[in-house]
Amino acid sequence: MDDYSELQKCVITGKKLEVAETTSQFLDSGKTAKEILDGGLIPAMAIVGQKFEAGEFFIPEMLLAARALNAGLDILKPLLEESDVKPLAKVVIGTVKGDIHDIGKNLVGIMLRGSGFEVIDAGVDVSPAKFVELANESGADVVGLSALLTTTMPAMKDTIDEFESMGLRSKVKIMIGGAPVTEDYAKTIGADGFGRNAANAVGLAKSLVGG
Amino acid sequence: MTIEENYYRAIEFNYPKWIPVSASIMPATWSKYREAMEEVVLEYPFIFGDFEKGSRDFDEFEGTYQEGVQTDAWGCVWKNVAPGLDGVVVGNPLPNREDVHSFEPPKEHAGLPHGFMFMRLYYLRGFEELMIDFAEEPPELQILIDKVLSYNLQEIEVFLETKPRIIILGDDLGNQDWLPIHPDKWNKYLKPCYARMFAKCRQAGTLVYLHSDGHILEIIDSLIDCGLDVLNPQVGANGLDNLARVAKGKVAINLDLDRQNFPFWTPEQIDAHIHEAVEKLSLPEGGLLLFAEFEPDVPLANIKAICESLEKYRNYA
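Residues numbered from 1 in each chain as written. Chains lettered and ligands numbered in written order. Predicted model: local features only at pLDDT ≥ 70, side-chain atom pairs only at ≥ 80, totals over all residues. Heavy atoms only, no water.

**Student:** Sorry, what's going on with the packing of helix H3 (residues 35-43) of chain B against helix H14 (residues 300-313) of chain B here?
**Tutor:** Each pair of packed helices can be described by the angle between their axes along with the distance between the axes. Residue and element names in this part refer to chain B. One can describe the packing of H3 onto H14 by two numbers: an axis separation of 11 Å at closest approach and a directional angle of 5 degrees. In terms of orientation, H3 and H14 fall into the roughly parallel class. Contacts from Ala-36, Met-37 and Val-40 of H3 reach H14 at Leu-300, Ile-303, Lys-304 and Cys-307. Its residues assigned to classes, the contact of H3 with H14 comprises six nonpolar, no polar and one charged. (Axes fitted to C-alpha atoms, helices over the stretch in contact; angles between N-to-C directions. Helix = DSSP H or I, 4+ residues; strand = E, 2+ residues; numbered from the N terminus. Parallel < 35°, antiparallel > 145°, perpendicular 65-115°, else oblique. Contact = heavy atoms within 4.5 Å. Nonpolar A, V, L, I, M, F, W, Y, C, P; charged D, E, K, R; others polar.)

**Student:** Mind showing me how you'd approach the pairing of strand E8 (residues 252-256) of chain B here?
**Tutor:** If a strand is regular, its side chains alternate between the two faces of the sheet. Residues and elements named next belong to chain B. Most of E8 is tucked away, with five of its five residues classed as buried. As paired strands, strand E7 (residues 230-233) and E8 are joined by two bridges and run parallel to one another. Across the sheet, the residue bridging to Val-230 is Ala-252, located in E8. As judged from the four bridges shared by E8 and strand E9 (residues 288-294), these two strands associate in the parallel manner. (Buried < 20%, exposed > 50% of the residue type's maximum accessible area, 1.4 Å probe, protein only. Pairing = 2+ DSSP bridges.)

**Student:** Which parts of the structure should I look at to understand the sheet that holds strand E3 (residues 77-80) of chain B?
**Tutor:** Each strand in a sheet pairs with its neighbour through backbone hydrogen bonds, running either in the same direction (parallel) or in the opposite one (antiparallel). Residues and elements named next belong to chain B. Here we have three strands laid out as an open sheet, ordered E2-E3-E4, and antiparallel in their pairing. This sheet does not close on itself; its edge strands, each paired only once, are strand E2 (68-71) and strand E4 (88-91). Recorded for the sheet is a direction-independent mean angle of 35 degrees between the axes of neighbouring strands. Across three bridges, the pairing between E3 and E4 is antiparallel. Bridged to Lys-79 within E4 is Val-88.

Below is the structure:
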C-alpha cells in the first residue's frame with residue numbers, strides 16, 4: 001500500500017470520512033504516521049494551494065479540503081508526538097494591535113497547519129510585546145502579522161521594532177499580509193516577506209525556513 | 001444645473017455638466033482633524049455639499065462606530081476597539097447549521113445597513129461556516145438565504161413607500177484580489193437575491209446603487225443583469241483597466257478612489273491617480289462619478305490634495 005493518490009484525492013475533494021478511513025488503513029498496513037503525512041496529506045494540501053492560486057478553488061473548497069485533512073491529522077497527531085516528529089516549523093500568527101479582523105489570518109493558519117507547520121494563533125488586537133512573548137516562549141521560526149486596515153499597518157512596523165529592541169529579530173522571520181499590505185510595504189518596514197493570500201503565505205513561510 | 005441634477009444626469013448617462021465628486025469622512029477622521037477638517041469641507045462644496053460651520057460634533061460616534069461590544073437586531077455581536085472606525089462582527093448567532101431552521105430575522109425595521117445580504121449571511125453563520133455551507137450546499141444554505149432575502153424585500157418595500165429616486169446599498173462581495181466563492185456559486189445563490197431586490201426598486205422607479213469592497217470583476221455583469229444602476233467599486237482591488245473593460249458605459253461607476261494608498265502617496269501621485277481614473281473611465285454622456293473616503297491615517301495635506309484634484313478633474317472633458 002504505497003499509493004497515496006486516493007488519500008490525496010479525498011483531501012482535495014473534502015471527503016472527511018474517507019480521509020479518516022484511508023489514513024487508518026495506511027496505519028494498519030504498516031505505514032508510519034510521518035510517511036502518511038509526508039506522502040499523502042501534505043502533498044494534497046499543496047495541490048489545494050495550487051488550485052487556489054490558479055483560481056480553480058475558492059475559499060469554500062479550500063476550507064472543505066482543510067477540514068478533511070484535519071480528519072487525517074487528528075488520527076496521526078498522537079502518533080507523530082509519540083515518535084517525536086517535528087513540525088516543518090513553528091509559526092506565530094496574529095492580527096496586529098488595534099485590528100480585530102481575523103478572516104485572513106484564520107485562513108493563513110488553516111493553510112499553514114495543513115502544510116505541516118505548527119501554528120500558534122495569538123488572536124486579534126495583539127500587541128507587539130505579546131507577539132515577542134509568544135515567539136520567544138514557543139521558539140517560533142516565523143511570525144505572521146496580519147492587518148486589514150491602513151490605520152493598523154503601522155502596528156506591523158511597531159511589532160518588528162519590538163523584536164529588534166528585544167534583541168530577537170535575528171531569531172525569527174517575519175512575514176506580513178492583509179488587504180492593503182504590499183510587497184513594497186513589507187520591504188519598507190523591514191519584514192522578510194509579504195503573503196498576498198493564504199496559499200501564497202504557505203509558500204512564503206516554507207521559503208523563509210528553507211523548506 | 002444643481003449638484004443633484006448633475007448627479008442624476010451622470011448616473012443616467014444623460015450628459016452631466018461635470019463629473020460628480022464626493023467624499024466620506026470617517027468619524028475618527030473628524031475627531032482627529034476637527035476644525036481643520038471643517039475648513040476643507042467648507043472649501044469644497046462640490047465635494048461635500050452644503051455644510052454649516054459648527055454643525056459637526058467632532059467626537060460623535062454612532063452605532064458600531066462606538067468603542068465596545070453591542071448586539072444588533074439580528075443577534076450579531078459587534079466589537080470595536082478603534083472608535084470612529086467600523087466595528088467587526090465577533091459573535092455569530094447561528095454557529096451550527098441546524099440553528100438556521102428556527103432562526104427568524106428581526107421583526108422590527110432594522111433597515112438595510114452595510115452588509116445587508118452576503119455579509120449578513122456570514123455575520124449570522126460565521127465566515128468559515130458559511131464558506132463550508134457554500135462548499136457542501138446543504139438545504140440550510142438556501143433556507144438562510146431565503147430568510148435574509150425575505151427580510152430585505154420587506155425593508156425595501158418600506159423604503160420605497162417614500163418614493164425615493166435612488167436606494168443606496170452596501171455589501172462587500174469581494175476579497176482583496178479574488179471572490180470568496182466561485183462566480184458560478186455566486187450566480188446560483190446570490191444573483192437571484194440581488195435580482196429580486198433590485199427589480200423591486202426598479203419597478204418602483206427607484207435607481208439602485210451598490211457599494212462593494214473587494215475584487216468583484218467576475219460578477220459585475222451579473223450585477224448589471226440584476227438591474228444595477230450605479231456601482232461603487234474599489235480601484236485597488238479591481239484595477240482601472242479591468243473596470244474600464246468590464247463596466248465602463250454599461251453601468252454608472254462611482255469610483256472608490258484608492259483609499260488603501262491615500263496614507264502613503266504624495267500629492268503628485270494622488271493627482272496622477274485621479275487623472276488616470278477620469279482618462280480611463282469618463283465618457284461625454286456620463287457614467288462616471290468619483291468618490292474618496294478619508295480614514296484618520298490620511299495626512300491632512302493628502303486630504304487637501306485629493307479634494308484639489310477632484311475639483312480639478314471634475315471638469316475633465
